[in-house]
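Listed here are the chains, written in short residue letters.
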Amino acid sequence: MAIGTGSISFIASATITIMIIKHKDGLSNPFQRLVFGLSAMDVAQSLAMILSPFSLPRDVEGVLWSTGSTLTCEIQGFALHLGFAGVPMYMFSLTVYYLYAIKYGMSDREFSDTKEPYLHAASIIWSIIGGVACWFSGSFNMLQAGNVCWYTPFPFNCATNPDVECVRGANAFAFGWIFGGSNAITLSGIIYCLVAVCRTVINQEKKTSAQTFSPSVEEFSTRVTFELSETSGKALNEVTISAPMQQSFDYQSEKSVKRKKETVMQASLYVAAFVSTCFWAYIYGFLVTLGLDVPFFVTFLFSLFYPLGGLLNILVYTRPTINLLRKRNPGITWKRAFVKVVKAGARVQ
């Protein structure tokens, strides 16, 4: 199952990276660069899930398709670790971008100069350095379930049975707690950023509604000048100028709020895609790190959902452009619009 879902995710994430490169803006803005980093990390873990059955050591009995060695198991574990550590970090970076863009009104240039380099550095260094540490400590070994190489000692029960000596990865579970715990902290940061963005847009929408439906100083002044104009004849031009200005202001405010609400929807969908694919992976990793037997249904759901991050990401990434294309061409189907957007690199002519 992991081979099938992993293949779908690999193709989807690789497609996103190609679309970004083909896009007229390419990697010239922080949003594109962050999504590119997110997709690149997912490519690594999707490839690990595809190759996991074949990378397991061949000397292990009862494991179907195991044709690898300790080295291939370590390579697969390292690639899976890149996604496990890197995808949450880049998802957090993406929500930080949304937070500064919407709540603080920070421009892309300022964000690129002051925030983005640190987000990329943290995501990449944390993933690679952690993976190297796990590799050199022998912490990437085949899990007891026999489906993937991850943070686990060898033999598996050496961490819980004092009579069994660990040949490799005596500190593997410690690494599992470190990276699992860091992902929990990262998830808290993701939720905080998303909530802050939502609250900002809700408050701005309330303010816009108040400006639209409640008499403001400018509107009251307009009424006064109109009444005076009937006797003086001097302020009539002020009415024709000030009233449309107020209407334009209301229109622009409403338009701005609508754009921000759409941005919040995009951010929410990215986070929902992340949580829905990682939930069972965290449950799976939690049970493994505790040295407990993993129920079959948890292993099944982990293998089914975890590799699907790339598929959900490409659906979210192409969504705004597909909606725009279908709005301009009401007769076009979603499938045809999706293919057109992917081929065009997310650009609509």
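Before going into details, it helps to say that this report is about the structure given with it. (Residues numbered from 1 in each chain as written. Predicted model: local features only at pLDDT ≥ 70, side-chain atom pairs only at ≥ 80, totals over all residues. Heavy atoms only, no water.)

**Structural notes on the environment of isoleucine 190**
In step 1: On the secondary structure map, isoleucine 190 appears in helix H6 (residues 172-213).
In step 2: Distance from isoleucine 190 to phenylalanine 92, taken between C-alpha atoms, is 5.1 Å for residues 98 residues apart in sequence.
In step 3: For isoleucine 190, the residues in contact, after removing those within four places along its chain, are Pro88, Met91, Phe92, Thr95, Val271 and Phe274. (Helix = DSSP H or I, 4+ residues; strand = E, 2+ residues; numbered from the N terminus. Contact = heavy atoms within 4.5 Å.)

**Some details on helix H2 (residues 30-55)**
Because the α-helix completes a turn every 3.6 residues, residues three or four places apart line up on one side.
In step 1: Along its 26 residues, H2 runs 36 Å from first to last C-alpha, staying within 8% of the 38 Å computed at 1.5 Å per residue.
In step 2: Of all 26 residues in H2, 20 are buried; the element is thus mostly enclosed.
In step 3: A distance of 3.2 Å separates the backbone nitrogen of phenylalanine 31 from a side-chain oxygen at the start of H2, and that oxygen is part of asparagine 29. (Expected span 1.5 Å × (residues − 1). Buried < 20%, exposed > 50% of the residue type's maximum accessible area, 1.4 Å probe, protein only. Polar contact = N/O pair within 3.5 Å; in protein donor to acceptor, adjacent residues only side chain to side chain.)

**Structural notes on empty space enclosed by the protein**
In step 1: Scanning all chains against the criterion turns up one cavity of 30 Å³ or more.
In step 2: In this structure, the largest cavity occupies an estimated 80 Å³ of space.
In step 3: Around the largest cavity, the lining residues are Leu38, Asp42, Gln45, Val87, Met91, Ala273, Phe274, Thr277, Cys278, Tyr306, Gly309 and Asn313.
In step 4: Among the elements of the structure, H2, helix H3 (70-102), helix H8 (236-289) and helix H10 (309-328) are those that each provide at least two residues to the lining of the largest cavity.
In step 5: It is H8 that provides the largest number of residues to the lining of the largest cavity, a total of four residues.
In step 6: Looking at the lining of the largest cavity residue by residue, the classes come out as seven nonpolar, four polar and one charged. (1 Å grid on protein atoms, 1.4 Å probe; cavity = no way out; pocket = protein on both sides within 12 Å on 5 of 7 lines; lining within 4 Å. Points joined across faces, edges and corners; volume = space filled by probe spheres on them. Nonpolar A, V, L, I, M, F, W, Y, C, P; charged D, E, K, R; others polar.)

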